[in-house]
Amino acid sequence: MKALVYQGPGKKQWMEVPMPHLANPGDVIVRIDTTTICGTDLHILKGDVPAVEAGRILGHEGVGTVSEIGTGVKDFAVGDRVIISCIKSCGHCVNCRSGLFSHCLGEEGASGIGWVFGHLIDGTQAEYVRVPYADNSLHRLPDGVTDVQAVMLSDILPTGFEIGVLAGAVKPGDVVAVVGAGPVGLAAMMTAGLCGAATVIAIDLDPGRLEQAKSFGATDTVDSGAPDWKEQVLAHTDGAGVDVAIEAVGLPETFGMALEAIRPGGHVANVGVHGKAVELPLEELWIRNITITMGLVNANTTPMLLKLVASHKIEAERFATHFFTLDQMLEAYETFSNAATTKALKVVISRAG
Ligand code: NAD
Ligand code: ZN
């Protein structure tokens, strides 16, 4: 089969590799029908995630058809259409039992992390992928939900909702600011309404992304490069600051912006993956009763979000801006890596035919 193989920092290849095979009774093999690329894949290619070794097939998002099942798999059969969650969970370890699937201790990825695809085991940017703990890590796709919609449920929608909206404790009537209008920030904007957000302010440097944000639930937009960005944000509040600030970039300055915009008693929900230390001015913050949260997605809300996609309450297809076939994988990477010029949000990569 063909797959996108990481060859060390800066290097990748679409190449012939051996077919995956069932290794444990709980495994299934999924034929990939649709996959996509995440900003995290670009981080890996830069060499920012040293745990990824050369030779690893990348990708942690995908939709496909079950082609083989292990003897221990109870809930899936050959031919089922499934969403592959970016988080595998064994369902039995102490972390899974407490609902912290992102830290599943199941032996696949012994480092105690639920994100293993395209990280610690081979991923979804391939014609086939082995899925461990399939009963807990796959979601059956109902008729009427397209692959394009479903692939947004592997990672970006649960991430924006769980680590942004739910961790930020958005409640009815809230003013929510989202710093970073990439796919994850847009997913937070799109789902903030589920918890009753009254005002959703998109903050980004890229005017194209701000324009796109308006069709993802943003009621207002602010250019973070403007010298008066903070005044512009506060103008949408009662003056005290936003109720919830969601950081969806992963830079010290954008985390700082979230702290600056927050009201006393507010919630700062950090979603961004950070590569360097941020400043946390506790000497100013301690008195402001602020809650700061962070985390890796658990993907436990995927079944709920899937229902909302199926009933057209969440228009997941909006994220898809460019379409490719699997053998155009390198072209898809090119388009996704140059989002500022191509205006790509999510590139959809599907099996030909
Ligand atoms: P992305 O790179 O597509 O989007 C980031 C956005 O931030 C872009 O629109 C960019 O223009 C904007 N930006 C950059 N600098 C800015 C600044 N100074 N002010 C305002 N905006 C600025 O990324 P994405 O795919 O949307 O992901 C967002 C973050 O979420 C990344 O750090 C990603 O690694 C992280 N992530 C976290 C989890 C998790 O479980 N916590 C899961 C998936 C992704
Ligand atoms: Zn587990």
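Residues numbered from 1 in each chain as written. Chains lettered and ligands numbered in written order. Predicted model: local features only at pLDDT ≥ 70, side-chain atom pairs only at ≥ 80, totals over all residues.

Attention now goes to the site of ligand 1. Gly39, Gly180, Gly182, Gly250 and Val273 are the nearest of the 29 residues found near ligand 1. Ranked by residue count, the leading element in the shell around ligand 1 is helix H6 (residues 183-192), at three residues. Each of domain 1 (2-155 + 299-350) and domain 2 (157-294) contributes no fewer than three residues to the shell around ligand 1. (Near = placed C-beta within 6 Å. Helix = DSSP H or I, 4+ residues; strand = E, 2+ residues; numbered from the N terminus. Domains from an automatic or database assignment.)

Before going further, it helps to spend a moment on the domain arrangement of the protein. In terms of domains, the protein is made up of domain 1 (2-155 + 299-350) and domain 2 (157-294). Summarising the inter-unit geometry, the C-alpha centres of domain 1 and domain 2 are found 27 Å apart. Between domain 1 and domain 2, the residue contacts involve 19 residues of the former and 15 residues of the latter. When contributions to the side of domain 1 that touches domain 2 are tallied by element, the ones reaching two or more residues are helix H1 (39-46) and helix H11 (302-310). (Contact = placed C-beta atoms within 7 Å.)

Right, let's talk about the nonpolar core for a bit. Ranked by internal contacts, the top residues of the largest apolar core, which has 110 residues, are Val176, Val178 and Met189. Each residue touching Val176, except ones within four places of it in the same chain, is listed here: Val170, Ala192, Ala197, Thr199, Val200, Val242, Asp243, Val244 and Ile246. (Core = buried A, V, L, I, M, F, W, Y, C linked by C-beta atoms within 7 Å. Buried ≥ 20, exposed ≤ 12 C-beta atoms within 10 Å, placed from the backbone.)

The next thing to look at is the sheet that holds strand S10 (residues 220-223). Reading across the sheet, the six strands line up as S10-S9-S8-S11-S12-S13 and stay open at both edges, with parallel pairing between neighbours. The open sheet has two edge strands, S10 and strand S13 (291-294), and neither has a second partner. In this sheet, neighbouring strand axes are inclined to one another by 20 degrees on average, regardless of whether the strands run parallel or antiparallel. The pairing of strand S8 (residues 175-179) with strand S9 (residues 199-204) spans five bridges and is classified as parallel. Within the sheet, the bridge partner assigned to Ala177 lies in S9 and is Ile201. Its contacts with the sheet put H6 on S8, S9 and strand S11 (242-247), and the angle it makes with S8 is roughly 165 degrees. (Pairing = 2+ DSSP bridges. Axes fitted to C-alpha atoms, helices over the stretch in contact; angles between N-to-C directions.)

To continue, consider the packing of helix H5 (residues 156-166) against H6. One can describe the packing of H5 onto H6 by two numbers: an axis separation of 7 Å at closest approach and a directional angle of 70 degrees. Looking at the two axes, H5 sits roughly perpendicular to H6. As H5 packs across H6, the resulting crossing turns out to be right-handed. Contacts between H5 and H6 involve Ile156, Leu157, Thr159, Gly160, Phe161, Gly164 and Val165 from the first element and Pro183, Val184, Gly185, Ala187, Ala188, Thr191 and Ala192 from the second. (Parallel < 35°, antiparallel > 145°, perpendicular 65-115°, else oblique. Left-handed = near helix turned anticlockwise from the far one by under 90°.)

What follows deals with the pairing of S10. With four bridges connecting them, S9 and S10 associate as parallel partners. Opposite Ile203, over in S10, you have Val222 as the bridge partner.

Bringing the environment of Val165 into the picture now. Structurally, Val165 can be placed in helix H5. Val165 sits 13 residues away from Val178 along the chain, and the two C-alpha atoms are 9.8 Å apart. Beyond its immediate stretch of four places on either side in the chain, Val165 contacts Gly160, Val170, Ala188, Thr191, Ala192 and Cys195.

Take the environment of Ala310 next. Within the secondary structure layout, Ala310 lies in helix H11. Residues Ala310 and Gly182, 128 residues apart in the sequence, show an inter-C-alpha distance of 23 Å. For Ala310, the residues in contact, after removing those within four places along its chain, are Pro142, Gly144 and Val145.

Mapped onto the fold, Val78 is located in the loop between strand S4 (62-69) and strand S5 (81-84). Residue Val78 is classed as exposed on the basis of its C-beta count, with 11 C-beta atoms lying within 10 Å. Counting along the chain gives 47 residues from Val78 to Gln125, while the straight-line C-alpha distance between them is 21 Å. Excluding its chain neighbours within four sequence positions, the residues that come into contact with Val78 are Val66, Ser67, Glu68 and Ile69.

All right, on to H1 then. Thr40, Asp41, Ile44 and Leu45 are the residues of H1 that are buried. For H1, the arc enclosing every buried residue in end-on projection is 145 degrees, short of the 170-degree limit, so these residues lie on one face. Residues of H1 that are buried sit in contact with strand S1 (2-6) and strand S2 (12-16). In the stretch just after H1, Gly47 is the one whose phi turns positive, near 95 degrees. (Arc of directions from axis to C-beta.)

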